[in-house]
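Structure assessment
Residues per chain are reported as follows:
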There are 2 protein chains.
Amino acid sequence: MRTALEPSPTKEKLLDAAQRLMLAKGFVATTVDDICEAAEVTKGSFFHYFESKDQLGREVLKRFCASGEKIHRALCGSETDPLKRVYAYIDNTIKMSKDPSMSKGCLLGLFSQELCDTNPQIRAACKKGFDDWAKGFGQEVAKAKAAYASRAQFNPQELAEHLIAVMEGSMILGKVRHDRLIVGKNLTHFKAYVKSLFERA
Amino acid sequence: MRTALEPSPTKEKLLDAAQRLMLAKGFVATTVDDICEAAEVTKGSFFHYFESKDQLGREVLKRFCASGEKIHRALCGSETDPLKRVYAYIDNTIKMSKDPSMSKGCLLGLFSQELCDTNPQIRAACKKGFDDWAKGFGQEVAKAKAAYASRAQFNPQELAEHLIAVMEGSMILGKVRHDRLIVGKNLTHFKAYVKSLFERA
DNA sequence: ATAGTTATACCAACTGGTAGGTATAATAGT
DNA sequence: ACTATTATACCTACCAGTTGGTATAACTAT
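Nothing here was measured: the structure is a model prediction, and the numbers come from that model. (Residues numbered from 1 in each chain as written. Chains lettered and ligands numbered in written order. Predicted model: local features only at pLDDT ≥ 70, side-chain atom pairs only at ≥ 80, totals over all residues. Heavy atoms only, no water.)

Along the polypeptide, N186(A) turns up in helix α9 (residues 182–200). Those residues in contact with N186(A) that lie beyond four places of it in its chain are V166(A), S170(A), E161(B), H162(B) and A165(B). (Helix = DSSP H or I, 4+ residues; strand = E, 2+ residues; numbered from the N terminus. Contact = heavy atoms within 4.5 Å.)

With an RMSD of 0.1 Å, the fit of chain B onto chain A corresponds to turning through 180° and sliding 0.0 Å along the axis. Both chain copies can therefore be described as sitting about a two-fold axis. Rotation axis and chain B: the residue whose C-alpha lies nearest the axis is G169(B), separated from it by 2.0 Å. Most of the interface of chain B is mirrored in chain A: 100% of its interface residues are interface residues there too. (Least-squares fit on C-alpha atoms with pLDDT ≥ 70 in both.)

Here we take up the packing of helix α1 (residues 9–25) of chain A against helix α4 (residues 53–75) of chain A. All names here are of chain A. α4 packs onto α1 with a crossing angle of 85° between their chain directions and a minimal axis gap of 10 Å. Of the possible angle classes, the one that applies to α1 and α4 is roughly perpendicular. Taken together, the residues of α4 that come into contact with α1 (itself represented by K11, E12, L15, D16, A18, Q19 and M22) are L56, E59, V60, R63 and F64. In the contact of α1 with α4, the residues fall into six nonpolar, one polar and five charged. (Axes fitted to C-alpha atoms, helices over the stretch in contact; angles between N-to-C directions. Parallel < 35°, antiparallel > 145°, perpendicular 65-115°, else oblique. Nonpolar A, V, L, I, M, F, W, Y, C, P; charged D, E, K, R; others polar.)

Taken together, the contact pairs 43 residues of chain B with 43 residues of chain A. Across the chain B to chain A interface the summed buried area is about 4100 Å²; carbon plus sulfur atoms make up 60%. It is Q113(B), V176(B) and H189(B) in chain B that bury the most area against chain A; as a group they hold 17% of the surface buried on that side. Counting across the interface, chain B meets chain A through four salt bridges. Note that E161(B) is salt-bridged to R177(A), the shortest N-O span being 3.1 Å. If one sorts the elements of the side of chain B that touches chain A by residue count, helix α8 (residues 156–177) of chain B sits on top with 15 residues. Each residue belonging to the side of chain B that touches chain A can be placed in one class, and the counts come to 18 nonpolar, 11 polar and 14 charged. (Buried area = accessible area lost by both parts, 1.4 Å probe. Salt bridge = Lys/Arg side-chain N within 4 Å of Asp/Glu carboxyl O.)

It is worth spelling out the domain arrangement of chain A at this point. Residue and element names in this part refer to chain A. Taken domain by domain, chain A comprises domain 1 (1–50) and domain 2 (61–200). Here domain 1 and domain 2 have C-alpha centroids that lie 28 Å from each other. Contact residues are listed per partner, giving 10 residues for domain 1 and 11 residues for domain 2. Both faces considered, domain 1 and domain 2 share a buried interface measuring about 890 Å² in area, 59% of it formed by carbon and sulfur atoms. Broken down residue by residue, the surface that domain 1 buries against domain 2 is led by Q19, L23 and F27, which jointly contribute 61%. At the surface where domain 1 touches domain 2, the tally comes to two salt bridges. In this structure, E12 and R63 form a salt bridge, with 3.1 Å as the shortest nitrogen-oxygen distance. Linking domain 1 to domain 2 there are six residue pairs in polar contact (both at pLDDT 80 or more). Grouping the amino acids of the side of domain 1 that touches domain 2 by side-chain chemistry returns six nonpolar, two polar and two charged. (Domains from an automatic or database assignment. Polar contact = N/O pair within 3.5 Å; in protein donor to acceptor, adjacent residues only side chain to side chain.)

What follows concerns the nonpolar core. In terms of nonpolar packing, the biggest core is built from 127 residues, with F111(A) and F111(B) touching the most fellow members. Contact partners of F111(A), with chain neighbours within four places excluded, come to M22(A), F27(A), G57(A), L61(A), C116(A), I122(A) and C126(A). (Core = buried A, V, L, I, M, F, W, Y, C linked by side-chain atoms within 4.5 Å. Buried < 20%, exposed > 50% of the residue type's maximum accessible area, 1.4 Å probe, protein only.)

Model confidence for chain A is summarised by a mean pLDDT of 94, while 97% of its residues fall at 70 or above. Looking at the elements of chain A, mean pLDDT is at its lowest for helix α3 (residues 43–49) of chain A, recorded as 93, and at its highest for helix α8 (residues 156–177) of chain A, recorded as 98. (pLDDT = per-residue confidence, 0-100.)

Put into structure tokens, the structure is as follows:
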């Protein structure tokens with residue numbers, strides 16, 4: 001038996017497959033059978049690890065957000081200057097957006113569209129996911145503002161939400177167009193906007 | 001009997017109901033029975049007007065894009081100055097975004113996420129929808145650039161795609177948060193960015 | 001005009017297949 | 001032997017789509 005600390009490889013395979021399939025086809029269109037086949041696992045195992053498809057959805061989303069947070073924490077790099085940290089955050093996000101593995105879409109945006117009106121738990125998780133993301137980047141912006149543009153009247157939190165909107169929206173465009181560069185282009189515009197806010201001050 | 005020119009009220013009821021339900025729950029989770037019940041029509045009638053659920057999806061999307069185009073054409077108002085037209089476009093979009101009826105989400109973004117990987121026809125329609133949208137606003141920006149910022153190096157088309165990304169992304173945020181103002185806030189940032197591009201020139 | 005014909009609009013009941021989920025047996029690790 | 005895990009067979013509900021039919025409006029020939 002494995003200990004509770006190291007996660008079951010079967011469960012991981014199921015979560016991986018579920019995430020991959022759901023990013024492509026959405027939650028509803030992805031069947032439990034699909035997931036089991038992709039993970040090379042039988043249904044018995046599936047329902048041994050997850051009490052329902054809904055619960056799997058919640059776990060996949062949770063895992064997605066957790067890995068996102070880990071990334072965000074590393075995004076500013078080792079910069080100490082708060083404004084440079086903000087720029088580094090955007091630059092590194094641009095770099096990441098060009099990686100094929102990162103350009104499969106965002107489970108937060110997808111689940112928000114598909115499940116918010118029918119599944120309150122998923123909606124709460126999406127809300128929290130976005131809030132944490134906005135808070136993370138928003139705090140960096142707030143520090144930069146305090147240091148370099150304290151009298152400017154833009155709202156750091158709003159700016160962070162603006163970044164999220166740009167990301168989510170351009171990922172959708174990237175998906176339809178099969179264009180892995182558009183997220184970067186849009187983030188470049190976002191960076192130029194942020195610059196204009198700080199240079200003006 | 002009705003003539004072929006005036007659309008059947010039953011078919012309209014079905015399309016209305018389908019659009020409403022799909023904006024809330026997505027395409028896959030919306031069943032034909034749901035639609036029929038909401039439209040107060042029986043299934044027999046449904047399949048009299050639509051050969052499949054897929055075809056209904058295409059028609060709903062087509063109608064959604066058509067009504068969108070109509071709106072976009074009116075968005076600049078009666079302005080003649082090209083730059084003022086651009087600002088009017090954004091301002092009017094902000095106004096519209098506050099209307100509850102317009103804040104139900106965007107079928108283009110939704111179908112893109114749910115159906116692009118499985119349904120080539122829908123994907124093509126989504127692509128076209130976004131392309132036309134970007135082209136429409138992009139041309140306005142191009143005219144304004146030619147008149148006021150011909151030497152600036154931003155790309156009008158890219159800027160139009162940036163607007164779309166901001167819209168789509170903030171509509172998702174609005175949906176999770178039940179916040180009808182966030183689209184307006186984000187568009188205000190977008191307008192400020194556009195301004196910064198033109199004022200610098 | 002009107003009877004006969006046809007096309008359109010609509011409906012209730014049904015079908016085949018598939019979805020999520022369960023029951024239970026087999027296996028393997030300790 | 002005991003427990004965690006995996007496998008198989010199955011159940012029930014519900015899905016898209018069909019069937020076979022009725023009602024009504026529109027056209028046509030006389």
